[in-house]
Amino acid sequence: KSQGSRSALWEMQDLLIAYDRYVKKLAIAPEPAADETEYVWTFWKAMFFCSTITTTIGYGHISPNTNAGRALTIVYAILGIPIFLILMADFGKLFTRLLKSLFVFFKRLYRTATCRRVRNHPQVQTPAGVRRIRDCWGYVCHGKTQEVDVEDPQGDYMVDDNFNLPISLALLILLIYIFVGCIIYTFWESWTYFEAFYFIFISMTTIGFGDYVPQHPAFMMMTTVYLVFGLALTAMCINIIQEKLSDTFRRASEKLKDTMAELMAAATIGEEEKEPNEVEEGHKVEVAGVHVTKEKEDD
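Conventions adopted
Residue positions are given per chain, counted from 1 along the sequence in the order it is written. Under the rules for a predicted model, residues below a pLDDT of 70 receive no local features and side-chain atom pairs below 80 are neither given nor counted, while totals for whole chains, interfaces and linings still include all residues. Processing note: side-chain calculations cover all non-hydrogen atoms of the structure and skip hydrogens and water entirely. Elements are defined by DSSP. Helices are runs of H or I of four residues or more, strands are runs of E of two residues or more, and each kind is numbered from the N terminus. Buried, partly exposed and exposed residues are distinguished by accessible area as a fraction of the type maximum, computed with a 1.4 Å probe on protein chains only: under 20%, between the cut-offs, and over 50%, respectively. The criterion used for residue contact is that any of the two residues' heavy atoms lie within 4.5 Å. UniProt positions are given in the numbering used here, feature names are shortened, and annotations may be inferred rather than shown by experiment. Ring geometry is summarised as follows: Phe, Tyr and Trp rings, the Trp one being its six-membered ring, pair when their centres sit within 6.5 Å, and such pairs are stacked at plane angles under 30 degrees, edge-to-face over 60 and tilted between the two. Lines fitted to C-alpha atoms define the axes, with helix axes restricted to the stretch in contact, and inter-axis angles between N-to-C directions lie between 0 and 180 degrees. Angular relationships are summarised with four words: roughly parallel below 35 degrees, roughly antiparallel beyond 145, roughly perpendicular across 65 to 115, and oblique for the angles in between. A clockwise turn of the near helix away from the far one marks a right-handed crossing, whereas an anticlockwise turn of less than a right angle marks a left-handed crossing. When residues are sorted by character, Ala, Val, Leu, Ile, Met, Phe, Trp, Tyr, Cys and Pro go into the nonpolar class, Asp, Glu, Lys and Arg into the charged class, and all the rest, Gly among them, into the polar class. Each residue after the first adds 1.5 Å to the expected span of a helix. Any carboxyl oxygen of Asp or Glu that lies within 4 Å of a side-chain nitrogen of Lys or Arg is treated as forming a salt bridge with it. Distance and chemistry together define a polar contact, namely a pair of N or O atoms within 3.5 Å, with one atom able to donate a hydrogen and the other to accept it when in protein, and with adjacent residues in sequence counting only for side-chain atoms on both sides. Across the chain, bend at a residue is computed as the angle between axes fitted to the seven residues ending at that point and the seven starting from it.

### Examining the overall build of the chain
Looking only at helices and strands, the chain features nine helices and zero strands. Per-residue burial over the chain gives 22% buried out of 299 residues. Of the contacts formed within the chain by residues at least 6 apart in sequence, a portion of 69% connects residues at least 24 apart.

### Examining the UniProt feature "transmembrane region" (unreviewed entry) in the chain
The feature "transmembrane region" (unreviewed entry), as given by UniProt, occupies residues 39-59, 71-89, 167-188, 195-213 and 219-241 in the numbering adopted here. With 100% helix and 0% strand, residues 167-188 has its two end C-alpha atoms placed 32 Å apart. Helix makes up 100% of residues 219-241 and strand 0%. Its end C-alpha atoms lie 32 Å apart.

### Quick notes on the packing of aromatic side chains
Counting across every chain of the model gives 16 aromatic pairs. Ring centres of Y198 and Y212 lie 5.8 Å apart, and the angle between their planes is 80°; on these two criteria the pair is classed as edge-to-face. Of this pair, Y198 sits in helix α7 (residues 193-204) while Y212 sits in the loop between α7 and α8 (217-274), placing them 14 residues apart in sequence. The class for Y198 is partly exposed, based on a relative accessible area of 24%. Taking relative accessible area as the criterion, Y212 reaches 25% and is therefore assigned partly exposed.

### Considering the packing of helix α6 (residues 167-188) against α7
With their axes 8 Å apart at the nearest point, α6 and α7 run at an angle of 125° to one another. Classified by the angle their axes make, α6 and α7 are oblique. Here α6 runs over α7; the crossing is right-handed. Packed against α6, whose contacting residues are L174, I178, F179, G181, C182, I183, Y185 and T186, the element α7 presents Y193, A196, F197, F199, I200 and M204 at the interface. Here the contact of α6 with α7 is built from residues that sort into 12 nonpolar, two polar and no charged.

### Looking at unusual backbone geometry
Even without being glycine, T56 reaches a positive phi, approximately 60°. Residue placement: T56 occurs in the loop between α2 (43-54) and α3 (67-110). The backbone of T206 shows a phi angle near 60°, a positive value even though the residue is not glycine. Along the chain, T206 falls in the loop between α7 and α8. Classification of T206 by relative accessible area gives partly exposed; the value is 30%.

### Quick notes on α2
Taking 1.5 Å of rise per residue, 12 residues should cover 16 Å, and α2 covers 17 Å from first to last C-alpha, within 8% of that figure. Among the residues making up α2, those that are buried are F48, F49, S51, T52, I53 and T54. One or two residues past the end of α2 sits T56, with phi positive at roughly 60°.

### A closer look at the pattern of salt bridges
According to the stated counting rule, one finds three salt bridges in the structure shown. Here R250 and D247 are joined by a salt bridge, their closest N and O atoms 2.4 Å apart. On the criterion of helical spacing, the pair formed by R250 and D247 is a turn pair, its members being three residues apart in helix α8. The exposure class assigned to D247 is partly exposed, which follows from its relative accessible area of 24%. Between D247 and R251 there is a salt bridge; the shortest N-O distance is 3.1 Å. Pair noted here: D247 and R251 are both in helix α8, with a separation of four residues, about one helical turn. Among the charged side chains, a salt-bridge network with shared partners connects D247, R250, R251 and E254.

### Let's talk about the environment of W41
Considering the arrangement of structural elements, one finds W41 in the loop between α1 (2-28) and α2. Measuring from C-alpha to C-alpha, the distance between W41 and I62 comes to 8.8 Å, with 21 residues separating the pair along the chain. Filtering out sequence-adjacent residues up to four positions away, W41 remains in contact with A46, F49, I62, S63 and P64.

### A short note on the side chain of T96
Position of T96 relative to the elements: it lies in helix α3. Within the structure, T96 has its side chain in polar contact with the backbone oxygen of G92 (distance 2.7 Å).

### Observations regarding α3
The first and last C-alpha atoms of α3 sit 62 Å apart over 44 residues, in line with the 64 Å expected at 1.5 Å per residue. Helix geometry: α3 is bent most strongly at A77, by close to 30°. Residues of α3 that are buried include every one of T73, A77, G80, F84, M88, G92, F95, T96, L99, K100, V104 and K107, and no others.

Structure follows, in structure tokens:
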């Protein structure tokens, strides 16, 4: 038994030594995982990495390991980010034009005589609750409820590149786009609906924590396309809100200037009215000597 136990101890010691050598070797040169390919930088992964640079999301799950790769990343980011920002601005204007075209089309369709006859038909009369919702929607979009003018089929909106759409309409379209993406990602990945919403929100705000990233290369490229259009919609909404706030502040400053001018004018008029020929009772008026002499000469 003693010889057998000693041999077992020697075998165990040999196994521990071999294991220690393996751990040290693995720490110096890690072995790739079983599910990874031989080349980590595949074409699709490199494509997704470049998209995370230009969109400034930067998930961090793919990053260069060499100094040459890091230097190339810096140069690529300096050139790619401005180009992407210009592209986003053009996409925002394009989406604004498309939304305005749809908005004006449905507005003109609603104001046609045929649509008016259909609306006035007894069987398709709008219920009171729906009318209230429509009036509330008009108040939110335009600041007041507007009656439909059939005589003006052209509408009030011009199809241009200016970001003067209703804020509620732009936010509604952005939320619909996000919710559709959430449904798609719940099928693509083993994520819950909230996790998909969290991933889309973190990506479209260019925060990019990297805790949730699509794993399949094809899904990565679809994610890039989805996020490019999502960032364009986000930029459009930000521009619309910025235009509305700037217009509100401009009107408020103009009203403040007019009010201050009216107050200054009223104060000036009040001072001028007090000056001319107002003699208080109980005060004597002194007459100049010249007038006294002239009165004596006349006597």
